[in-house]
Amino acid sequence: FATLLASGVLLPEVLASLQRIVIGFSVAAAVGVPLGLAAGAFIVGRQLVNPINSFMRYIPPTAFIALMIVYFGVGEAFKVMVVFFGVIFFIVQMIIDVVDDVDARYVEIALTSGLSNGEVFRRVIIPYCLPKILDVLRVNLGAAWTFLVAAELIGAQTGLGHFIAVSQRFLRLNDLYAGILTFGVIGLVTDFVLERLSRRIFPWYYIALKR
C-alpha cells in the first residue's frame, strides 16, 4: 500500500473513482432528499412518489447495468448513472422514514400557533430532519461505492474497481490487498469527516441523544 502511494500508481485510481462517486452521489442526494421530504410531509407527494419508488427499489440496481450500457455506452456517464440508480431509491425511502419519525407534538404546536402547512414544513420538519438526513447520506455513501466497483469492472481504464480487477487477473495479490485497504481507508476518513461535520453543525442533536 505504501509503495503504491509513494510511486504514484494508486492516487490516479483513487481520484478517478472519487470523481465518479462525488458526481453520481451528489446528483442522487440532490434529487432524492427533496423527493423524500415532499413524499414524507405531504399526502399528495406520498401518493405520487411512494408507489413508484417502492416499485423501483425492489429492482436490483445491477439489473440496470445492461440497459445503461445501451443508452450511455461504457464511458464516464455510464459509471455515474450506475451510482445514481444504485442509491437514489433507497435515499428517497429512508428520507420518508425520517420524516415519519418527526414528533407529532411539534407539528401540532406549530399548527395551533397559526403556521401554515408550508411554514410547518420549512420551520419544523426540515430542521428536525436535517441531522438524520446527513446520517442517511452517510449510510448510502457506503453503498454507492459498491455500485461504482460494479461499474468500473466494465470497460473502465481507471478507478479502484478496475485496479482491483487487473490485480486479480494477473494474480498481483499485494496490489489486490492494497486496493481493498484503500476502500477501507476512504470509508474511514469519509465517515469521520461527515460525523465531525454533523456534530459541528447540529450540536443540539447529539446533546439530546445523550439524555
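One can find the structure itself at the top, above this paragraph.
Residues numbered from 1 in each chain as written. Predicted model: local features only at pLDDT ≥ 70, side-chain atom pairs only at ≥ 80, totals over all residues. Heavy atoms only, no water.

## Topic: the pattern of salt bridges
Where side chains of opposite charge bring their charged atoms close, a pairing between them can arise.
Line of reasoning, step 1. Applying the stated criterion across every chain yields a total of eight salt bridges.
Line of reasoning, step 2. With its nearest N and O atoms 2.7 Å apart, the salt bridge here joins arginine 20 to glutamate 152. Note that arginine 20 is positioned in helix α2 (residues 10-41) and glutamate 152 in helix α7 (residues 117-152), a separation of 132 residues in sequence. Across this residue pair, the class does not change: arginine 20 and glutamate 152 are buried.
Line of reasoning, step 3. Salt-bridge contacts for arginine 138 lead to aspartate 135; the nearest nitrogen and oxygen are separated by 3.6 Å. In this pair, arginine 138 and aspartate 135 are both assigned in helix α7, three residues apart and thus about one turn of the helix distant.
Line of reasoning, step 4. Through salt bridges with shared partners, a single network forms among Arg20, Glu76 and Glu152. (Salt bridge = Lys/Arg side-chain N within 4 Å of Asp/Glu carboxyl O. Helix = DSSP H or I, 4+ residues; strand = E, 2+ residues; numbered from the N terminus. Buried < 20%, exposed > 50% of the residue type's maximum accessible area, 1.4 Å probe, protein only.)

## A few points about the nonpolar core
Nonpolar side chains tend toward joint burial in soluble globular proteins.
Line of reasoning, step 1. Grouped together as the largest cluster of nonpolar side chains are 53 residues, with contacts concentrated most on Leu37, Ile91 and Cys129.
Line of reasoning, step 2. Elements that contribute at least two residues to this core include exactly α2, α3 (43-57), α4 (65-72), α5 (76-100), α7, α8 (160-169), α9 (173-201) and α10 (203-210).
Line of reasoning, step 3. Among the elements that make up this core, the one with the highest residue count is α7 (15 residues).
Line of reasoning, step 4. Not counting the four nearest positions on each side in its chain, isoleucine 91 is found in contact with Phe25, Ala28, Ala29, Gly32, Val33, Val136, Leu137 and Asn140. (Core = buried A, V, L, I, M, F, W, Y, C linked by side-chain atoms within 4.5 Å. Contact = heavy atoms within 4.5 Å.)

## Quick word on the packing of aromatic side chains
Line of reasoning, step 1. Tallied over the full model, the rule gives seven aromatic pairs.
Line of reasoning, step 2. When the centroid spacing of 5.5 Å and the interplanar angle of 80° are considered together, the rings of phenylalanine 84 and phenylalanine 85 count as edge-to-face.
Line of reasoning, step 3. Here tryptophan 145 and phenylalanine 183 contribute two aromatic rings whose centre-to-centre distance is 5.7 Å and whose plane-to-plane angle is 75°, an arrangement assigned as edge-to-face. Within this pair, whereas tryptophan 145 is found in helix α7, its partner phenylalanine 183 is found in helix α9, the two being separated by 38 residues in sequence.
Line of reasoning, step 4. One aromatic cluster in this structure is built from Phe64, Phe84, Phe85 and Phe89. (Phe/Tyr/Trp six-rings, centres within 6.5 Å; stacked < 30°, edge-to-face > 60°.)

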